[in-house]
Amino acid sequence: MKKLLIAVALMLMIGGGVVALASELNPADINGDGKVDMRDIGIVCSAFGAYGPTDQDWWSVWGPNDEGKIVFKYWTATEPKDLPEGWYSTLFAKQEGAPHWNRLADLNGDNRVDMRDIGIVCTNFGK
Ligand SMILES: [Ca+2]
Ligand SMILES: [Ca+2]
């Protein structure tokens, strides 16, 4: 019985390590079960439209990617000046997060859960 318990404990530890490693490798695997599927999309949908908390004013900086699409670039605590042509910033004032905010569902780190995050899950779907 004792050997069985040790074996089960070892399997759980190893299994947990594999899940943690898979989750580490693929952030779109939000629930850490080793695959990106509808459950992960469901988690993003549950938090859809939510914004995260900020404890001070922040500016998000946006600019074109290689394909010319405007995408989130970075956060800054000071108002960005002299941005390159085609770039812009938006003030993200101090606020509490939305009640349904889930940091794990914010896959691109722009402090909002929106179609971009669902797109990242879709891009990784089945992996
Ligand atoms: Ca998953
Ligand atoms: Ca996001």
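Up top you'll find the structure we're talking about.
To keep things clear, this report deals only with the structure shown in the data block. (Residues numbered from 1 in each chain as written. Chains lettered and ligands numbered in written order. Predicted model: local features only at pLDDT ≥ 70, side-chain atom pairs only at ≥ 80, totals over all residues.)

## Some words on the overall build of the protein chain
Scanning the protein chain from terminus to terminus reveals three helices and three strands. From first element to last, N terminus to C terminus, the protein chain shows the α and β order α-α-β-β-β-α. Taken across its 127 residues, the protein chain has 15% of its residues classed as buried. The long-range share in the protein chain, meaning contacts at least 24 apart out of those at least 6 apart in sequence, stands at 56%. (Helix = DSSP H or I, 4+ residues; strand = E, 2+ residues; numbered from the N terminus. Buried ≥ 20, exposed ≤ 12 C-beta atoms within 10 Å, placed from the backbone. Contact = placed C-beta atoms within 7 Å.)

## Looking at the environment of Gln95
Residue position: Gln95 is located in the loop between strand S3 (88-92) and helix H3 (115-123). Sequence separation between Gln95 and Asp57 is 38 residues; the distance between their C-alpha atoms is 8.4 Å. Not counting residues within four places of it along the chain, the set of residues in contact with Gln95 comprises Pro53 and Thr54.

## As for the environment of Asp117
By secondary structure assignment, the location of Asp117 is in helix H3. Sequence-wise, Asp117 and Phe48 are 69 residues apart; in three dimensions their C-alpha atoms are separated by 9.0 Å. Non-local contacts of Asp117, meaning those with residues more than four positions away in its chain, are made with Val44, Ala105, Asp106, Leu107 and Asn108.

## Considerations on the pairing of strand S2 (residues 70-76)
In regular strands, side chains alternate between the two faces of the sheet. Sheet topology places strand S1 (residues 58-64) next to S2; six bridges connect them, and they run antiparallel. Each residue of the ladder has a partner; that of Ser60, found in S2, is Trp75. Between S1 and the antiparallel strand that follows it, S2, lie five residues; Gly68 among them carries a positive phi value of about 85 degrees. (Pairing = 2+ DSSP bridges.)

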